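Geometric and topological summary
This is what each chain is made of:
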Amino acid sequence: MSINKTLGEFIIEKQADFPHATGELSALLSAIKLASKIVNREINKAGLVDITGASGVENIQGEQQQKLDMYANKIFKNALIARGEVCGIASEEEDDYVFFDNKNSRNGNYVVLMDPLDGSSNIDVNVSVGTIFSIYRRISPTDGPVAIEDFLQVGRKQVAAGYVIYGSSTMLVFTTGNGVHGFTYDPSIGVFCLSHESLTIPKTGKIYSINEGNYVKFPLGVKKYLKYCQEDDESTNRPYTSRYIGSLVADFHRNLLKGGIYIYPQTAQAPFGKLRLLYECNPIAFLAEQAGALATDGYHPILDLKPIELHQRVPFFTGSPEMMDTVHHFMAKFKEG
Ligand code: AHG
Ligand code: MN
Ligand code: MN
């Protein structure tokens, strides 16, 4: 059995590649690593102890919070507060951004935005869930409180982003702008080990992932593209295979490894789609571009969109570059309104 490099060793070895290279970002990633181990431990107990199901509380976006949404939010928040590199967070499960107004953290140089538990309604049925994180350098002066501008930075300003997938095994996948690297958790020794160095997405694939139950509500360009995916054409490997887990992290992870496309489009009822720009789309888009994939709102790169509010939603298209070129062609050709 080969013994792989650990995440901790990898971070130290690559520290010089990190923006600013002061060691702060390494410490921050260590906090995320620790929190993800704790959340992983709790998720593994789902079904044994009373941690599944709804909490009875709605988040500010009107969605039912699951008990584990709130638990994961607390664990990641506490792990970040305990360090000192992070002066504040924004989270899908918090109404507003949170300033870490204590001696240790208030002068921290980074902010973290996160979806503490993605796909959380899947927990009760033992299907993969995830955590998504996005890290920016603070732009407000360090001698004052953190400001909304720190959180509304354009996605291209991210200094690191990643996800943890709690699946058949648990993996942490991240980028600091020098490629995408994946680490698989070995629970017997409590360590993430390098298993997928420099991940790149296949240029094309056979998988399309979309909630097809909403078909009648989709924009015409998406409808036409789906029909294209289902056509019989041996020379282009069609019909494609439809795969949709309902956890963005799990759907993206599979497509990243195998090649494919993920779409959560706008509809007449939800003109901005469902997924959140700051907590879901920006970090996944950073990973996607670093892995040679594309990530857009159907027309423009996600990483170029200027956020206007914390819980902003955006249509999301991401996947293998050749498949994305084709969907863009359909979106432009059948543009409505
Ligand atoms: P969250 O659990 O963080 O609210 O995210 C759920 C998201 C995403 O993970 C998934 O791709 C999508 O919602 C599924 O939505 P539909 O059930 O509408 O397909
Ligand atoms: Mn989510
Ligand atoms: Mn969530």
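Being a predicted model, the structure only gives us computed values, none of them experimental.

As a general point, the strands of a sheet are linked pairwise by backbone hydrogen bonds and lie either parallel or antiparallel. Within the open sheet, the eight strands sit side by side as S4-S3-S5-S6-S7-S8-S9-S10. Their pairing is mixed. The open sheet is flanked by strand S4 (98-99) and strand S10 (191-196), the only strands paired with a single partner. Relative to strand S5 (residues 110-118), strand S3 (residues 86-91) runs parallel, the two sharing five bridges. Looking at the pairing, Gly-88 lines up with Val-111 of S5.

Ligation of the manganese ion (ligand 2) by protein atoms is provided by Asp-115 (OD), Asp-118 (OD) and Glu-280 (OE), these donors lying 1.9 to 2.2 Å from the ion. Written as a sequence motif, the donor residues of the manganese ion (ligand 2) are D-x2-D-x161-E. A distance of 3.8 Å spans the gap from the manganese ion (ligand 2) to the manganese ion (ligand 3), which Asp-115 bridges by coordinating each metal. Here the residue Asp-115 occupies a position in strand S5, and Glu-280 occupies one in helix H7 (residues 277-290), the gap between them amounting to 165 residues.

Turning our eyes to something else, we now look at the sheet that holds strand S12 (residues 241-242). The strand order S12-S11-S13-S15-S14 describes an open sheet built from five strands, whose pairing is mixed. Looking along the sheet, the strands with just one partner apiece sit at the ends: S12 and strand S14 (294-296). In terms of strand pairing, strand S13 (residues 260-264) meets strand S15 (residues 316-319) through four bridges, oriented antiparallel. By the bridge assignment, Tyr-262 is partnered in S15 with Thr-318. Along the sheet, helix H5 (residues 220-230) makes contact with strand S11 (207-209), S13 and S15, crossing S11 at roughly 150°.

Here we come to the coordination of the manganese ion (ligand 3). Here the manganese ion (ligand 3) is held by the protein donor atoms Glu-92 (OE), Asp-115 (OD) and Leu-117 (O), which lie 2.2 to 2.3 Å from it. All donors of the manganese ion (ligand 3) come from a single chain, and their spacing in sequence reads E-x22-D-x1-L.

Before going further, it helps to examine empty space enclosed by the protein. Overall, the coordinates contain one cavity of 30 Å³ or more when judged by the stated rule. Computed from the structure, the largest cavity encloses a volume of approximately 30 Å³. Secondary structure elements with two or more residues in the lining of the largest cavity: helix H1 (7-13), helix H2 (24-43) and strand S8 (170-175). Here the residues of the lining of the largest cavity sort into seven nonpolar, no polar and no charged.

Split into domains, the protein comes out as domain 1 (7-196) and domain 2 (207-333). The gap between the C-alpha centroids of domain 1 and domain 2 is 24 Å. Contacts between domain 1 and domain 2 engage 50 residues on the former and 34 residues on the latter. Of the roughly 3,000 Å² buried between domain 1 and domain 2 on both sides combined, carbon and sulfur atoms contribute 62%. Together, Leu-152, Arg-156 and Tyr-163 form the three largest contributors to the area buried by domain 1 at its contact with domain 2, with a combined 22%. Applying the counting criterion to the domain 1 and domain 2 interface returns three salt bridges. Between Asp-304 and Arg-156 there is a salt bridge, with the nearest N and O atoms lying 2.7 Å from each other. Our count for the contact surface shared by domain 1 and domain 2 stands at 14 residue pairs in polar contact (both at pLDDT 80 or more).

Each value, and the rule that gives it
- Residues numbered from 1 in each chain as written.
- Chains lettered and ligands numbered in written order.
- Predicted model: local features only at pLDDT ≥ 70, side-chain atom pairs only at ≥ 80, totals over all residues.
- Heavy atoms only, no water.
- Pairing = 2+ DSSP bridges.
- Helix = DSSP H or I, 4+ residues; strand = E, 2+ residues; numbered from the N terminus.
- Donors = N, O, S within 2.8 Å, 3.2 Å for Na, K, Ca; no water.
- Contact = heavy atoms within 4.5 Å.
- Axes fitted to C-alpha atoms, helices over the stretch in contact; angles between N-to-C directions.
- 1 Å grid on protein atoms, 1.4 Å probe; cavity = no way out; pocket = protein on both sides within 12 Å on 5 of 7 lines; lining within 4 Å.
- Points joined across faces, edges and corners; volume = space filled by probe spheres on them.
- Nonpolar A, V, L, I, M, F, W, Y, C, P; charged D, E, K, R; others polar.
- Domains from an automatic or database assignment.
- Buried area = accessible area lost by both parts, 1.4 Å probe.
- Salt bridge = Lys/Arg side-chain N within 4 Å of Asp/Glu carboxyl O.
- Polar contact = N/O pair within 3.5 Å; in protein donor to acceptor, adjacent residues only side chain to side chain.

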